[in-house]
Amino acid sequence: MKAGEAVRSRVAGKVGDWGPLFEHAIKLTLLASFLELVLYRLASRLGMHVSKMAAEHPWVTPTFATLTAVGSWLLNIVAVLLFLSLMVILVHRGRWANTGWMVKWGTVSTAVVLLLTIVFLFVQPGMLGAIVYNGVALVTLVLLAAEYWTLQQERAKRFLVVTYCLGLGGWLYYQIVSTAYGWAGIVQSPPLVYEFHRAGEALMVLASIATYAAYGRGLSLRLKNRRQRSRAVWFWTVSGVVIALLIFYDYVLERYDPALASAVRQASQGIGWIFQFGMGYTFFLPFVLYLVGFLCWSYSVTKLVLMGRVAGYGLGLMFMAGYALMFSNLTLMVILGLMLLTLDRARQPVEGTRMAPQAVAMGSTEPLMAREA
């Protein structure tokens, strides 16, 4: 910053800092995405899994049919909200003066993804279109991750975004290379596609655990604040009990009732099957790791959303999109989530002043002055 240059700026870490349209669009997008995940991607798969129960209970089929219909309707609502939220963010990013090349190319790449999404609504993309779309999405992912890296100085947050992007990179590599081989008519299996696919899922689970280290800290039992200490007690108690039960339930049930233990094992396999088709997780890792990741992610997102932090909405969308980005709206959810993470520490110029280029591009190294309620 040049000497004598009057610059006033503030950290834009709150969702309300970007205007009421942005705030309501982001909140509605997160809520609709959660309902779509539960009612469409998970409930519809659960309905397919309980076909035997439907033969004995007539109410099962219409119930799950209704949930699936509502989920399909929510899918369209989520797509509209994603477009609205991304357009609002792109407009804000376009107004930033003297931004770095990384921010500009990230904005352009996001706009290209939106344009391709609109085009493919009217034109069947085919294999070549899928390769182009996933390739542009991968470039956008890398650009936004690099932008976040420059904005954040904390190692935990950098580790989070790198792990997450490498995880999704495994899925995108699997999709791009496999589709390219099919388009070229090559019969041989592509190199390392399954290895990258499984490694990507493991990295996604690791990234969900890393959300606590990056954004969910504050659960120490030695805190002086009574409310925070109470939260810590509840979190660690519930987490410890649930994890311990999952570790030992098979042994206990086997000793108590072998038939019941076998039924529980089949039910757990069904849960993995539902999440595999709904979010892309194959559950080849020990189930306890997925549970730890879910607990860390859910606590961090809940904490940040209650504080009104933009990062909470970003992390929520990123992980609710799942691992297998089978639909374009899931890809847009990931891109929107990463853009929200970059906004969490970006500096916004106050009207009537001028922002230094370095401040806009690099952000602030000072911690946010947000305090838990």
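You'll find the structure just up there.
Residues numbered from 1 in each chain as written. Predicted model: local features only at pLDDT ≥ 70, side-chain atom pairs only at ≥ 80, totals over all residues. Heavy atoms only, no water.

A. Geometry of the side chain of Ser298. Here Ser298 is to be found in helix α10 (residues 287-306). Among the polar contacts listed, one links the side chain of Ser298 to the backbone oxygen of Phe294, at a separation of 2.8 Å. Of the polar contacts made by the side chain of Ser298, one reaches the backbone oxygen of Leu295; its length is 3.1 Å. (Helix = DSSP H or I, 4+ residues; strand = E, 2+ residues; numbered from the N terminus. Polar contact = N/O pair within 3.5 Å; in protein donor to acceptor, adjacent residues only side chain to side chain.)

B. Highlighting the packing of helix α6 (residues 155-184) against helix α7 (residues 193-215). In contact at an axis separation of 7 Å, α6 and α7 are set at 155 degrees when each is read in the N-to-C sense. It follows from the interaxial angle that α6 and α7 lie roughly antiparallel. When the axes of α6 and α7 are compared, the crossing they make is left-handed. (Axes fitted to C-alpha atoms, helices over the stretch in contact; angles between N-to-C directions. Parallel < 35°, antiparallel > 145°, perpendicular 65-115°, else oblique. Left-handed = near helix turned anticlockwise from the far one by under 90°.)

C. The environment of Trp105, seen in detail. As for its placement among the helices and strands, Trp105 is situated in helix α4 (residues 101-122). Classification of Trp105 by relative accessible area gives exposed; the value is 53%. Taking the C-alpha atoms as reference, Trp105 lies 8.4 Å from Thr140; in sequence the two are 35 residues apart. (Buried < 20%, exposed > 50% of the residue type's maximum accessible area, 1.4 Å probe, protein only.)

D. Structural view of the nonpolar core. Core analysis: the biggest nonpolar cluster contains 71 residues, and Phe22, Tyr164, Tyr215, Leu315, Leu338 and Leu340 have the highest contact counts within it. Sort the elements by how many residues they give to this core and helix α12 (residues 328-343) lands first, with 11 residues. Non-local contacts of Phe22, meaning those with residues more than four positions away in its chain, are made with Val15, Val88, Ile89, Leu340 and Leu343. (Core = buried A, V, L, I, M, F, W, Y, C linked by side-chain atoms within 4.5 Å. Contact = heavy atoms within 4.5 Å.)

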